[in-house]
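Structural description and commentary
What follows is the residue order along each chain.
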Amino acid sequence: MTQGADFPLADAGALARGADDTPRPGRPGGGLKSFRPKGRHLGVVPFFVYVAIFLLWPTIIVIVGAFQNSSTGALTFSNITAVFTGSTYLQAFWGSIRLSGETAIAGGVLGALLAWAVAEGNPDGIFRRQIVAMSGVLAQFGGVMLAFAFLATFGYAGVVTLTLHRVAGVNPITSGSWIYSFTGLAVVYTFFQIPLMVLIFLPAVDGLKVEWREASDNLGGGSWAYWRYVAGPILAPAFVGGLLLLFVSAFSAYATAAALISQGSPIVPLQIRTFLTSEVVLGQANMGKALAFGMVVVVAVVMTLYAWLQRRGAKWQAK
Amino acid sequence: MSSLRKFGLAAVLAVLAASLFLFVAACGSPPSSSSNSSPNPAATATSASAFGGMDALITAAKKEGTLNVIALPPSWANYGEMLSAFTAKYGIKINSAQPDGSSQDEINAAKQLKGTDRAPDVFDIGSNVAIANVSMFAPYQVAEWSDIPANLKDPNGVWVSNYTGFMSIGYDAGKVPAPKTVNDLLKPAYKGAVALNGNPTQASAGFNGVVMAAMANGGGADNLAPGVDFFSKLKKAGNLLPVDPTPATIASGQTPVVIDWDYNNVAQTAANKGKLNWKTVVPANEVVAAYYNEAVNVDAPHSAAARLWEEFVYSPEGQNIWLKGAAHPVLADVMIKNGTIDKAALAALPKVVGTPVVLTQAQLATGQTYLLANWTKAVQ
Amino acid sequence: MARRAGHRGRDWPRTLVRWTILVVIGAYLLVPLLSMLEFSTRGVNSSRTAQAWAAISSYPQMLTGIAVSLELAVLTVLGMLCLLVPTMVWVHLRLPGVRRVMEFVCLLPLTIPAIVLVVGLSPVFAWLTYFFGDTPLVLAFVFVVLVLPYAYRSVDAGLRAVDIATLSEAAQGLGASWWGVLFRIVIPSIRGALLSAAVLSIALVMGEYTIASLLNYNTLQVVLYQVGLQDAPVSVAVSLAALMFGFILLFVVSSAGGRRRGAVREETPLAPLEGGLQS
């Protein structure tokens, strides 16, 4: 149901809250200092050891490997340089960035609209709960299953293709193969970007108080004034933050593209797949690690931007 | 958190991290484990007679009870019948993994599953991948060893050719016009229609598809560049689908034109009788043939069963099963002389115009290198 | 936060816009799902048939894949509960300064995509198979890491909604041990959050494809892909079933939470999904 770490942000509603400087009930840590034994740091050791083994160790292997020569293990920049100068790799990075950017914007705008439409209704009603549950599932809708869903819709034997053929005489061969093109991939990605944005953005829209709208109306402003001067600036950080998260989500995604496209690698994760499955390429195993390192850099940059944005926007959300 | 506490925490974590990496660096990779405590005598047998005779081999194989095969689709050269015939004859269960895998997938699986019970026992592998991985195979000479031409086997027996076919274009006659040569596929009538079986850097069928395209465009066994250019043009024209064709994609109409071995395309004609009019054409004078090869995994979990399988597929019974699947078995000439060949199946093989080209090992190596450097760029 | 009850009368343009959006975007989201239903029940000559659904059981690897994924889901949830929850409670009560570090660490799996992780996972898995034998269940070790971001957020919201600190102090003052506090005070208070974290973890594990496929393990998604190459309607049918399963699970959990809405809002299981602006 989920692409797992591919589309990792179905819980993004809470993530969108970001910085947790808001006050909370109770005093953390307890009150009496005598209840803080000296060895209490040992309590977190198992967790950190586990994370070190299963998260940090592989990551370090990737990062270090990106700078190592595949056959001798000597430190070298040749892999990284190859990524920056190889036109195939640059094209793949550009493809990934373009795809993620476009679907983030498309999914972001449509998802924000849908979030607004949902928030307008009864907050405790069944309709809203259904939509939120459906969004939760769709946002985590696995890559393989999503690919099949779209093949069932737009593929050669898909429902829409066949209907178009019956109704408008559109040639199914050409109309059934666009799904493998860049546009097709973008449409598929947008499919889960929208529910993801709904989950991220809904809490922000919920936070718009009725009183603000009433005040704006009472001061003579219409809908346009409300959105332009009141709601817009409040929602802007959450919206942009949502776009950034959507970008990361699409950039990291592998499963959908892997299920749809078995030949060719227009995006970076598929390039990495080639390096992982084609071991005939002797002396080049660490190129895959260099590509992975590149991905980490891009995602880290975006996440830093996101964290900074959250800190800035937190003051509005604390009210 | 006070600075003292921060320091304490940081110190603890640092010590942990340091000890972890020391541990890892010291140990490296884990000791290789084998599930058998004593080595299996079949693992080093280089022929049935060396093992003690066919009956001994059969008994040992039956005792093992299982055979792991990989990348053998039932519709490929009639493997469905081959697998069930083997099980029916010897009562050995066959685990068929990754039926749509490529030759490279077979090697990857063997490496990844090394030492486990799931590792593949035998390979049916393209020549380009076989030659690059001889260290993974165990030498074994089947009973019919001497009948196999010298250029179609490794002198030590680490790999042996099993069957071949000719590169062909299969197409749905009801949806697209009949192509006569490879270059016909560049026409707009084939937009969004053409699929190549497998990635040429990883699969023999894909590789030889490029060879056929090269032959059609002024290149040949020594020069694959025109072939790669052809596919690049095909992609730019919007005719090439980035999808691996399978019987399912053919049946659903997703891939109306498939570049693949003739035995595969011919099998699809029968499979889709009544639903699609699937036809096969081997373009005249653009004929490429390539043998696939049998190999036994040097770390096979079921060594005796693996060797028994080899004996089976090279026996007249096995070779005729491949022949029924429209493949050309390696022992065909010998069997025609002996009269053990299935004459009806032989007559049903597709007709071919032109001399088939089979790449030599040297040509395979140069071709592979060229593709590795240029294929991804060309079809991106 | 509550929506405007009295405005409906003169707000018909807004209602119109709202419903247009709902219909259009809703259609975009629903059409593939309905297509899956149509595709998997398509018979010869436009008839309906349940053949693809019935054929699911004829693919033993499909049933094995479902079983493996369910087992992995259970193991992952157990691993998450045993590793993450005590640590979080410990940090919440005893080491508030470590909170930032933990939050950062739990956000790392988002920054390190699965496709990157799998590149470096081979040595780790070499050791795992050495210790545990060749079973796909060792994937649970990595899946626990993958679910950390969601589980952390979920449990964090739950811990902050209730005054755990005072309750635990009171319990300790009355003589309860640390484990007593954990099991008899904290866990019952954050039941909803734990449930939500478990559901999200299950969804993630059932849908994970990247790591399983690139490490050659046959989980549900991997098998779906393999079967889909041969028999697309069967794979589409199973995908639809999995989706429905997830939806029902999430909907039931959210409804169960809804009944407890008398209490603080953050306790409701879907709160991490919707977020909430006040803590």
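Since we're looking at a predicted model, the values are computed, not measured.

**Concerning the overall build of chain B**
The number of helices and strands found in chain B is 15 helices and 10 strands. Counting the 380 residues in chain B, one finds 50% classified as buried. Across chain B, the fraction of contacts at a sequence separation of at least 24, relative to all contacts at a separation of at least 6, is 74%.

**Re the overall build of chain C**
The secondary structure content of chain C amounts to 13 helices and 0 strands. Relative to its 279 residues, chain C shows a buried fraction of 51%. In chain C, the proportion of contacts linking residues at least 24 apart, taken out of those at least 6 apart, comes to 74%.

**Quick word on the environment of alanine 305 of chain B**
All names here are of chain B. In this structure, alanine 305 sits in helix H11 (residues 303-314). Take alanine 305: there are 28 C-beta atoms within 10 Å of it, and that puts it in the buried class. A sequence separation of 77 residues divides alanine 305 from valine 228, and the C-alpha atoms of the two residues are 41 Å apart. If we skip the residues at most four places from it in the chain, alanine 305 touches Ala61, Glu64, Thr66, Leu67, Ile92 and Asp121.

**Re the pairing of strand S7 (residues 257-261) of chain B**
Taken residue by residue, a regular strand's side chains alternate between the two faces of the sheet. Residue and element names in this part refer to chain B. With 5 of its 5 residues buried, S7 lies for the most part within the structure. Note that strand S6 (residues 194-196) and S7 share 3 bridges and pair parallel. Pairing of leucine 196 across the sheet is with isoleucine 259, part of S7.

**Examining the packing of helix H9 (residues 182-206) of chain A against helix H11 (residues 223-252) of chain A**
All names here are of chain A. Taken N-terminus to C-terminus, the directions of H9 and H11 make an angle of 150°; their axes are 10 Å apart at the nearest point. With respect to each other, H9 and H11 are oriented roughly antiparallel. Here H9 runs over H11; the crossing is right-handed. Residues Tyr189, Gln193, Leu196, Met197, Ile200, Phe201, Ala204 and Val205 of H9 form the contact with H11, whose participating residues are Leu235, Ala238, Phe239, Gly242, Leu245, Leu246, Ser249 and Ala250. Of the residues contributing to the contact of H9 with H11, the split by class is 13 nonpolar, 3 polar and no charged.

**Regarding the domain arrangement of chain B**
All names here are of chain B. If you check the domain split of chain B, you get domain 1 (45-164 + 291-347) and domain 2 (165-289 + 354-379). A straight line from the C-alpha centre of domain 1 to that of domain 2 covers 26 Å. The partner domain 2 presents 21 residues to the 17 residues of domain 1 that form the contact. Counting residues per element, the side of domain 1 that touches domain 2 draws most heavily on helix H6 (residues 127-132), which supplies 3 residues. Residues of the side of domain 1 that touches domain 2, tallied by class, amount to 6 nonpolar, 10 polar and 1 charged.

**Looking at the confidence of the model for chain C**
Residues and elements named next belong to chain C. When the pLDDT values of chain C are averaged, the result is 81; 87% of them are 70 or greater. Per-element averaging of pLDDT across chain C places helix H13 (residues 271-274) at the bottom with 40 and helix H3 (residues 60-94) at the top with 91. Considering only residues more than four positions removed or in separate chains, one finds that residues 1-9, a stretch of pLDDT under 50, has 9 contacts. Considering only residues more than four positions removed or in separate chains, one finds that residues 258-279, a stretch of pLDDT under 50, has 61 contacts. Here the complex is predicted with pTM 0.82, and the ipTM for its interfaces comes to 0.83.

Cut-offs applied
Residues numbered from 1 in each chain as written. Chains lettered and ligands numbered in written order. Predicted model: local features only at pLDDT ≥ 70, side-chain atom pairs only at ≥ 80, totals over all residues. Helix = DSSP H or I, 4+ residues; strand = E, 2+ residues; numbered from the N terminus. Buried ≥ 20, exposed ≤ 12 C-beta atoms within 10 Å, placed from the backbone. Contact = placed C-beta atoms within 7 Å. Pairing = 2+ DSSP bridges. Axes fitted to C-alpha atoms, helices over the stretch in contact; angles between N-to-C directions. Parallel < 35°, antiparallel > 145°, perpendicular 65-115°, else oblique. Left-handed = near helix turned anticlockwise from the far one by under 90°. Nonpolar A, V, L, I, M, F, W, Y, C, P; charged D, E, K, R; others polar. Domains from an automatic or database assignment. pLDDT = per-residue confidence, 0-100.

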